[in-house]
Structures are given as C-alpha cells and as structure tokens.
Amino acid sequence: MAPERELIRGLHNLRSCHRGCVATIGSFDGVHLGHQAIIAQLNRRARELGLPSVAIIFEPQPHEYFSGERAPARLMRFKEKVLALFDAGVDRVLCLQFNEKLRSLSAQGFIQRILVDGLNIGHLVVGDDFRFGCDRSGDYHLLQRVGQQAGFSVEDTATVEIRGARVSSTRIRAALEAADFELAETLLGRPYRITGRVAPGRALGRQLGAPTANVRLQRYRSPLVGVYTVRVSATRGPQLVDGRKAVDGVANVGFRPTVEGAGAEPLLEVNLFDFDGDLYGRELAVEFCHKLRDEEKFASLEALKARIARDIAEAKTWFAQNP
Ligand SMILES: Cc1cc2nc3c(=O)[nH]c(=O)nc-3n(C[C@H](O)[C@H](O)[C@H](O)COP(=O)(O)O)c2cc1C
Ligand SMILES: Nc1ncnc2c1ncn2[C@@H]1O[C@H](COP(=O)(O)OP(=O)(O)O)[C@@H](O)[C@H]1O
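Residues numbered from 1 in each chain as written. Chains lettered and ligands numbered in written order. Predicted model: local features only at pLDDT ≥ 70, side-chain atom pairs only at ≥ 80, totals over all residues. Heavy atoms only, no water.

As recorded in an unreviewed UniProt entry, the protein chain goes by the name Riboflavin biosynthesis protein, listed as coming from Microbulbifer thermotolerans. The record in UniProt for the protein chain states the following under Sequence similarities (unreviewed entry): "Belongs to the ribF family." (UniProt positions renumbered as here; feature names shortened; annotations may be inferred.)

Shown next as structure tokens:
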C-alpha cells in the first residue's frame, strides 16, 4: 500500500515513521519532462524496494536565495510545485528552508543530517548534473562513496533531450518569455498554466467593461508579462460552465501601471468570455495559448478601457481561428 501523500515542512517535522525511503533532491521548478523521468525512476525503485518515495526540495530555491531580486522567474509557485510532484507520483515531499544554516552545511554534513539521520534513505536518485552542499562541493561520486559506508545506494539519471537540447527550467523560462507556448508544452509534458485562488481586487474591472478574476502571484516573478489568450478551468469543484471543460478568455499578467504605482504586486487577471458568475474563492487553472501584446501604461482609464475592448475582440478572433 502506498502511504498517504504528505508534505513535510522542515527537518524538525520528520518523525520515525518517515525513516526508510527512496529519495531524490532538487529544485524541480516546472516539474518538466526531465524531472518527470527522475521521478519515474524514483518510483520504480520505491516499488522494487517496498519503500515510499520522497522528493526533497528547497524554499526559497537555492538560486533565489543567492540572487535575490535578480533571480530568474519561477515556473511554479511552491504549492503548484508540490501538487505537480504528487501528480507525478511521489509519496512525500520534504521541503527544507534554504537559509544560511543549510547553505553552509558541508556536503558530508548534508548527507549525514538529512539523508541519514533525517530520512535514513535506502536509495537515492539524482539528476546527471546534481551538486549540493556548501559551495556545491558535493556530487554523485561523493554520494556513492559515503552511501557505501552509510548503507544507501545511489544512481544518476540520463539527460532528457528534446529537439536536440537538454530539457531545463531555463529553457522553458526562455520559451515562455518568447511566448512560445508550443515549445513550453513540449518540454513540460503539459500545457503551461498558472493555478490559484480568485481573490477580490479593487472592483475597477467592471467599470472598465471587463470584470477580471484576480489570482495573486505573491512574491514570485512570473516568466510572463503582458496580455494573452487563455483557456480557464476549475481545478476543483463544479465546472465553471456546465458541460464545458474550459472557458475561453483574455488575461493580463503584470503590474497594471495605468492604475497602480511602482512596487505593485504581480497579478494574473482573467476576463472569461460569455460568463457572468461569481468566481471569488474558486481555484482556477489558467492555460496560456497566445500572446496579444505587452502590458502598457495608458494616459487615461478611457484609453485603457478602449484597449481592453480591442484585446477582447482580437482574442475572440484568435479563438475562432484556433478552435
Ligand atoms: C485584457 C486586459 C488587458 C489589460 N492591459 C493592461 C495594460 O496594458 N496596462 C495596465 O495598466 N493594465 C492593464 N490591465 C489591467 C487593468 O488595469 C485592471 O484589469 C483593472 O485595474 C481592474 O482591476 P481590478 O481587478 O482590481 O478591479 C488589463 C486588463 C485586462 C483584462
Ligand atoms: N466574465 C467574467 N470574467 C471574470 N470574472 C467575472 C466575470 N463575470 C463575473 N465575474 C466576477 O467578477 C469578479 C471581478 O470583478 P471586478 O470588477 O474585476 O472586481 P475585482 O476587482 O474584485 O476583481 C470576479 O472575481 C468574478 O467573481
């Protein structure tokens, strides 16, 4: 019997029942086809050994810890990532806070504290370029050497290549920034989407002729900024429109410079076509199809309103041509 899916936040929440497992470690931003190959291998081993599978991830992602504001955009927020890892079949996610204490842990210390004392792993699966520990000093060979003494085995996974290049979060980010949603989907193994709960805004949308369901992107920087055609569905609960899996719409992702000052939080706002219901509190999945334009600062609300009307018309034309 597979154990219940479980998110464990921090080493201090590990219990004796978590000891004994097959693990992998990484950032897993995007849970793309390369990550999915690692997880498939992880789950094969977990079944063979009769142990649960665990993905060890970090928050913030190490990249973000080191680069701060200059860190690259995230493909997924924390919660989206955890759900995608569960979807890919891992039994447990152990999320470690990436801070100075973790950063300064030596590679040996990392293995001892987390893999041995914390999880007592039986087997570890890592990507082909995996590095860890202070100054990235730990690698596959060190893991193998220490594993032999500590009683766990280690294997690495082959690089997944598509269209002549390695699948990577960086490549997907670049595809999204270039609005190449077809390439992003090919590398992710599913369409690129943002999911989240609809929150109240300033109720300006209706005045602008387009009510918008708002999903907060929190502190995360999105790889998308601009106006897009989208397909929207509910991730749980009843369908948005009876008998239809998804509803067409138009979305703005960004900072709304016309109505907000500097430092506004990034927001995803969606106007659903031929829809007139209440979406507050619902969990939406917004799948991006096509970019219409960049976000602009308009001289007046009237100008913004006129432009949004044109966006909606252009989006409808796009959907008519791309059913
Ligand atoms: C299709 C669409 C395009 C938009 N484009 C822009 C834009 O280029 N510049 C901008 O400042 N805001 C843009 N917005 C955001 C509006 O400013 C925002 O929807 C409005 O402030 C409503 O906010 P509210 O949800 O808080 O009521 C756009 C919104 C939509 C739906
Ligand atoms: N066609 C539609 N597209 C998006 N939201 C809609 C639509 N029709 C009604 N709504 C509702 O209106 C809300 C958005 O209205 P809006 O005036 O933009 O207010 P707010 O600023 O609170 O988002 C949505 O959260 C949703 O509940």
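Caption draft 1: Main features of the packing of helix H5 (residues 107-118) against helix H6 (residues 140-150). Put simply, H5 and H6 touch, their axes get as near as 11 Å, and they point 50° apart. The angle between the axes of H5 and H6 places the two elements in the oblique class. Seen along the crossing, H5 lies across H6 with a hand that is right-handed. Contacts between H5 and H6 involve Ala-107, Gln-108, Ile-111, Leu-115 and Val-116 on the former and, on the latter, Leu-142, Leu-143, Val-146 and Ala-150. Taken together, the residues of the contact of H5 with H6 break down into eight nonpolar, one polar and no charged. (Axes fitted to C-alpha atoms, helices over the stretch in contact; angles between N-to-C directions. Helix = DSSP H or I, 4+ residues; strand = E, 2+ residues; numbered from the N terminus. Parallel < 35°, antiparallel > 145°, perpendicular 65-115°, else oblique. Left-handed = near helix turned anticlockwise from the far one by under 90°. Contact = heavy atoms within 4.5 Å. Nonpolar A, V, L, I, M, F, W, Y, C, P; charged D, E, K, R; others polar.)

Caption draft 2: Representation of the sheet that holds strand E2 (residues 21-25) within the structure. Judged by pairing direction, the sheet is parallel, and its six strands sit side by side in the order E1-E4-E3-E2-E5-E6 without closing on themselves. Each end of this open sheet is capped by a strand with a single partner; those strands are strand E1 (6-9) and strand E6 (153-156). When strand polarity is set aside, the average angle formed by the axes of neighbouring strands in this sheet is 25°. Across the face of the sheet, helix H1 (residues 33-49) comes into contact with E2, strand E3 (53-59), strand E5 (121-126) and E6 while running at roughly 165° to E2. This element, helix H3 (residues 78-87), spans E1, E3 and strand E4 (92-97) of the sheet and lies at about 165° to E3. (Pairing = 2+ DSSP bridges.)

Caption draft 3: Examining the nonpolar core more closely. Within the largest apolar cluster, 53 residues are counted, with the highest numbers of intra-cluster contacts made by Leu-85, Leu-268 and Phe-288. The residue makeup of this core includes at least three contributed by each of domain 1 (6-162) and domain 2 (193-321). Filtering out sequence-adjacent residues up to four positions away, Leu-268 remains in contact with Ile-194, Ala-213, Asn-214, Val-215, Leu-217, Ala-251, Asn-252, Val-253, Val-286 and Phe-288. Grouped together as the second largest cluster of nonpolar side chains are 31 residues, Ile-25, Leu-102, Ile-111 and Leu-119 included. (Core = buried A, V, L, I, M, F, W, Y, C linked by side-chain atoms within 4.5 Å. Buried < 20%, exposed > 50% of the residue type's maximum accessible area, 1.4 Å probe, protein only. Domains from an automatic or database assignment.)

Caption draft 4: Just the site of ligand 2, in detail. Looking at ligand 2, there are 20 residues lining it, with Gly-201, Ala-203, Leu-272, Leu-279 and Tyr-280 nearest. Side-chain polar atom of Arg-206 to an oxygen atom of ligand 2: 2.9 Å apart, as the coordinates give it. In this structure, Asp-278 approaches ligand 2 through a side-chain N or O atom, which is 3.3 Å from an oxygen atom. Surface burial for ligand 2 is 96%, taken as the share of its 560 Å² of free accessible area covered by protein chains. Top contributing element to the shell around ligand 2 by residue count: strand E13 (residues 267-272), with three residues. (Near = heavy atom within 4 Å. Polar contact = N/O pair within 3.5 Å; in protein donor to acceptor, adjacent residues only side chain to side chain. Areas by Shrake-Rupley, 256 points an atom, 1.4 Å probe, with all protein chains shown as cover.)

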